[in-house]
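A structural walkthrough
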Amino acid sequence: KDDVVSLAQEREGSPLVGPPPGLPRELLDARGEPPLAQRCFEFAWRELSTRAVARASGDDAPRYYAEKHGNTWLVDTRELPPVKLIVLLRDPRDTHASLRAFEDSEPVMSYGVHHIWAGDDDRLTGILDRHRRRLRWITALLAEDAASVVRYEELVADPRGVARRLERYLEVELDPDVLRNRGLIGRHATSDRGGSERWRHDLDPETVERFNLELGSELDALGFTR
């Protein structure tokens, strides 16, 4: 109700800009024309591309805009320019152990999960539901061969092999030597034990049991041990 007047949309934090979102809007939504939102997206994308090309070094113009995205299964990619997904698949128990360790060391940078389930008496319920939906989405992608799915364990064990595979997928050249950057490793490594099956050491038995019980079919479908 606070977004029905244009001036209210100027306040900080509002996602809306422009005329009130009331309907009908004959002057804006002309028959036979693309929706206003689509045209605005196209204009913004064209401007981004123009600036990227202008700032590029060397003879090759940028070919991709890359973005790390946390909830891609909720996005209708048909509404985007042609997109290639690279999906990282990690044991959700390891993901949970890593997230908890990160939150302990950087409580301010909690990926927002402290707020998402702040009103839930059982925070783990929301976390499990999120993993369930994502794992089922990945299972469907694998069945359709619709994206490049990279397993975390493979990435750690054979980064050069993964880089070669992604090169073929994206038709680009990658430099896996950047993974030797100790500063990069220090910012992202939160356990001396490594990232694979850290849940066996870092999670309490009750939490592990809930993951195994509530995500059992998803874990089995993707080849994770229980």
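Residues numbered from 1 in each chain as written. Predicted model: local features only at pLDDT ≥ 70, side-chain atom pairs only at ≥ 80, totals over all residues. Heavy atoms only, no water.

With that settled, the discussion passes to the overall build of the chain. Of regular secondary structure, the chain possesses 10 helices and two strands. When the helices and strands of the chain are read in sequence order from the N terminus, they spell out α-β-α-α-α-β-α-α-α-α-α-α. For the chain, the share of sequence-separated contacts (at least 6 apart) that also reach a separation of at least 24 residues comes to 59%. With the model as given, the accessible surface of the chain reaches about 16,300 Å², and the carbon-plus-sulfur share is 54%. (Helix = DSSP H or I, 4+ residues; strand = E, 2+ residues; numbered from the N terminus. Contact = heavy atoms within 4.5 Å. Areas by Shrake-Rupley, 256 points an atom, 1.4 Å probe, with all protein chains shown as cover.)

Enumeration over the complete set of coordinates arrives at three aromatic pairs. Residues Phe 41 and Trp 45 carry aromatic rings whose centres are separated by 6.1 Å and whose planes lie at 10 degrees to one another, so their mutual orientation is stacked. Placement of the pair is Phe 41 and Trp 45 together in helix H1 (residues 36–55), with a separation of four residues, close to one helical turn. A residue is classified by how much of its surface remains accessible, and Phe 41, at 34% relative accessible area, is partly exposed. According to the relative accessible area criterion, Trp 45 is partly exposed, its value standing at 32%. Centroid distance Trp 45 to Tyr 65: 6.1 Å. Interplanar angle 90 degrees. Geometry classified as edge-to-face. With Trp 45 in helix H1 and Tyr 65 in the loop between H1 and strand E1 (86–89), the pair connects residues that are 20 residues apart, well separated along the chain. Its relative accessible area of 48% is what places Tyr 65 among the partly exposed residues. Note that Arg 151 overlies the ring of Phe 224, its terminal NZ or CZ placed 5.5 Å from the centroid. (Phe/Tyr/Trp six-rings, centres within 6.5 Å; stacked < 30°, edge-to-face > 60°. Buried < 20%, exposed > 50% of the residue type's maximum accessible area, 1.4 Å probe, protein only. Lys NZ or Arg CZ within 6 Å of the ring centre and 35° of its normal.)

This brings us to a nonpolar patch on the surface. Together, Phe 41, Trp 45, Leu 48, Tyr 65, Val 75, Leu 80 and Val 83 make up an exposed nonpolar region whose accessible area comes to about 570 Å². The topology assignment puts Leu 80 in the loop between H1 and E1. (Patch = residues over 30% accessible without salt bridge, like charges linked within 9 Å, V, L, I, M, F, W, Y side chains within 5 Å. Salt bridge = Lys/Arg side-chain N within 4 Å of Asp/Glu carboxyl O.)

Let's shift gears to the packing of helix H2 (residues 92–105) against helix H9 (residues 205–214). Taken N-terminus to C-terminus, the directions of H2 and H9 make an angle of 145 degrees; their axes are 10 Å apart at the nearest point. As H2 runs across H9, the sense of the crossing is right-handed. Mapping the contact onto sequence places Pro 92, Arg 93, His 96 and Arg 100 in H2 and Thr 207, Phe 211 and Asn 212 in H9. Of the residues in the contact of H2 with H9, the class split is two nonpolar, three polar and two charged. (Axes fitted to C-alpha atoms, helices over the stretch in contact; angles between N-to-C directions. Left-handed = near helix turned anticlockwise from the far one by under 90°. Nonpolar A, V, L, I, M, F, W, Y, C, P; charged D, E, K, R; others polar.)

Now for the environment of Arg 151. Mapped onto the elements, Arg 151 comes out in strand E2 (residues 148–151). Once the C-alpha coordinates of Arg 151 and Leu 88 are considered, the two residues, 63 residues apart in sequence, prove to be 5.9 Å apart. With residues up to four places along the chain from it excluded, the contact list for Arg 151 reads Leu 88, Leu 89, Leu 222 and Phe 224.

For the pair H2 and helix H4 (residues 123–144), interaxial distance at closest approach is 11 Å and the crossing angle is 135 degrees. Relative to H4, the element H2 is oriented oblique. Crossing of H2 against H4: the hand is right-handed. Between H2, through Pro 92, Thr 95, His 96 and Glu 103, and H4, the contact on the second element is made entirely by Arg 123, Leu 124, Ile 127, His 131 and Leu 135. (Parallel < 35°, antiparallel > 145°, perpendicular 65-115°, else oblique.)

Limitation: the analysis is restricted to geometry and does not speak to function.
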